[in-house]
Structures are given as C-alpha cells and as structure tokens.
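Take a look at the letters that make up each chain.
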Amino acid sequence: MRGIFIVFEGIDGAGKSTQVKMLAEALVRRGCRVEVCRDPGGTKMGERIRKILLDPAESITPPAEALLYAASRAQLAAEVIQPALRRGKVVIGDRFSDSTLAYQGFGRGLPVDLLRRVNKLADGELAPDLTVLLDLPPEMVNERLAGRRDRLEKEAVAFFERVRQGYLTLAGEKPESCLILDARRPLEEIRQQVLGKVENLLGSLCK
Ligand code: TMP
C-alpha cells in the first residue's frame, strides 16, 4: 500500500519544525512507520546545498536560488520520499515545492508559471496528500526569530508579506488538500487540529 505524504509550509518562524516533530511522535505512537525530511536538505547533497542557500555570506541571484532549491528537492524526492512512500510509510515534510512558488515566485518576483515547470522537473509531479499551512502575520517573524538570522530570515517584513499572501493564494487553489491554521494559536491546539485531519487520511495504513 502506498504511504501518505504530509507537508508543513509557512513563513519563517511559523513553528513548522515543532509541529513536524509532534506529528511524527504521535504517528509513531500510533504504530505508523514515519519518515521525516526537510527541504532544502534531507540528503547528503541536499544538506550541502542547504548550507550554501542559508549562508548570509552568499550573494545568490533569484534564478540561481530557485534552481538550487530545485536541485536539492529533486534529490530528496528521488532518494528519500518516493522510496518511503512505496514502502507504505507516512512521510512528513518540513517544506516542499510550494515553498519555491511562495518564496521565489511571490516573494522574489520570479514568474510563478515557470517555477511550476521547474518544480515538475524537480519533484516528478509528486504532490502532498495534505499540506498544512501555518499562517503567521509577518510582523511576528521578528518576534519569533531571535538572535542570528540565516540569509532568508534577514529579509524585510514586506518580503514575508508577499510570501504569506502567496501561500494563501496557493492554498486557495487546492482547498481539498490544504489545511490553513493560525500559527499564533497554542501549540497543543494546532497539534490536535493536524492530528484530526491526518487521522482521516490514514485509513487502514497504520493498522
Ligand atoms: P527552513 O529553515 O524552514 O528549513 O527553510 C529554509 C529557508 O529556505 C526558509 O527561509 C525558506 C526558504 N525556502 C525557499 O526560499 N524556497 C524553497 O523552495 C524552500 C524549500 C525553502
């Protein structure tokens, strides 16, 4: 039986990584075989690309940035996600292809249609069964990201506002497979909402 692919998306500081971890723990307790991965990264090559992408000392043009994210994702999809899904695992992704549309498309202003084609090449048209969008007003990014910032976290509030609106637009295109949650709500409340939605998807997968 094919597994299930769940992806968390949202602007920096929305709390994705915490929710990814909490969902993974809940599903393992329930008897699921779980694979957690992050994008960019998740493979040997992808982690090296991630370092370049997040390094504040790098100056990267928007097209180069988009293609580096795509390269990391192509490797992740082929090497980790697809094999795990074939083995019937629940794959939980900390970001995936929508991040490129939101950040490089809506945020940087690259043509979204072109990026959709690049995404197709990279992810082989693999689409999440569920996307959880943790929606956060960009003014709160500063509050949430204390201390040193990586290259993208240094962007201005206006950039994150465009990214946020991009995510909401993308979610509006696929309401049946997208859950939008208010990232300002308590962690436990978000965790319960995610779990409720995921339970419906599991069917007989983890039995
Ligand atoms: P993370 O720290 O949430 O793992 O994400 C790394 C950063 O990369 C984050 O600022 C969002 C950004 N990003 C893009 O700009 N485009 C993409 O395609 C992906 C996957 C992430």
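Every chain begins its residue count from 1, and numbering advances along the sequence as written. Restriction of local features to residues with pLDDT of at least 70 applies here, the model being predicted, together with a cutoff of 80 or more for giving and counting side-chain atom pairs; totals for whole chains, interfaces and linings are based on all residues. As a rule here, side-chain values cover all heavy atoms of the structure and leave hydrogens and water aside.

J.: Please clarify how the side chain of Arg-73 should be interpreted in this entry.
T.: Per the convention used, a helix needs a DSSP run of H or I reaching at least four residues, while a strand needs a run of E reaching at least two, with both numbered from the N terminus. Secondary-structure assignment places Arg-73 in helix 3 (residues 62-86). Arg-73 has contacts with Asp-39, Phe-96, Ser-97, Thr-100, Asn-119, Ala-122 and Asp-123, leaving out every residue within four places of it along the chain. We call two residues in contact whenever any of their non-hydrogen atoms come within 4.5 Å of each other.

J.: What am I meant to see in the site of the ligand here?
T.: Every one of the 14 residues lining the ligand counts as a neighbour, but Asp-12, Tyr-69, Arg-95, Thr-100 and Gln-104 are closest to it. Only helix 2 (44-54), helix 3 and helix 4 (97-107) provide two or more residues apiece to the shell around the ligand. Looking at the shell around the ligand element by element, the count peaks at four residues for helix 4. Charged residues are taken to be Asp, Glu, Lys and Arg, nonpolar residues to be Ala, Val, Leu, Ile, Met, Phe, Trp, Tyr, Cys and Pro, and polar residues to be all remaining types, Gly included. In terms of residue class, the shell around the ligand is built from five nonpolar, three polar and six charged. Being near a molecule or strand, for a residue, comes down to having at least one heavy atom within 4 Å of it.

J.: I'm lost on the environment of Pro-186 in this one. Help?
T.: By secondary structure assignment, the location of Pro-186 is in the loop between strand 5 (178-182) and helix 8 (187-202). Sequence separation between Pro-186 and Ala-84 is 102 residues; the distance between their C-alpha atoms is 31 Å.

J.: How should I be thinking about the sheet that holds strand 5 in this particular structure?
T.: Backbone hydrogen bonds hold the strands of a sheet together, and the pairing may be parallel or antiparallel. Strand order in the open sheet formed by five strands is 2-3-1-4-5, with parallel pairing between adjacent strands. Each end of this open sheet is capped by a strand with a single partner; those strands are strand 2 (34-38) and strand 5. Each strand axis lies, on average, 20° off the axis of its neighbour in the sheet, ignoring direction. In this analysis, strands are considered paired if DSSP registers two or more bridges between them. Inspection of the sheet shows strand 2 paired to strand 3 (residues 90-94) by five bridges, in the parallel sense. Here an angle of 0 to 180 degrees is reported between the N-to-C directions of two axes, which are lines fitted to C-alpha atoms, with helices fitted over the stretch in contact.

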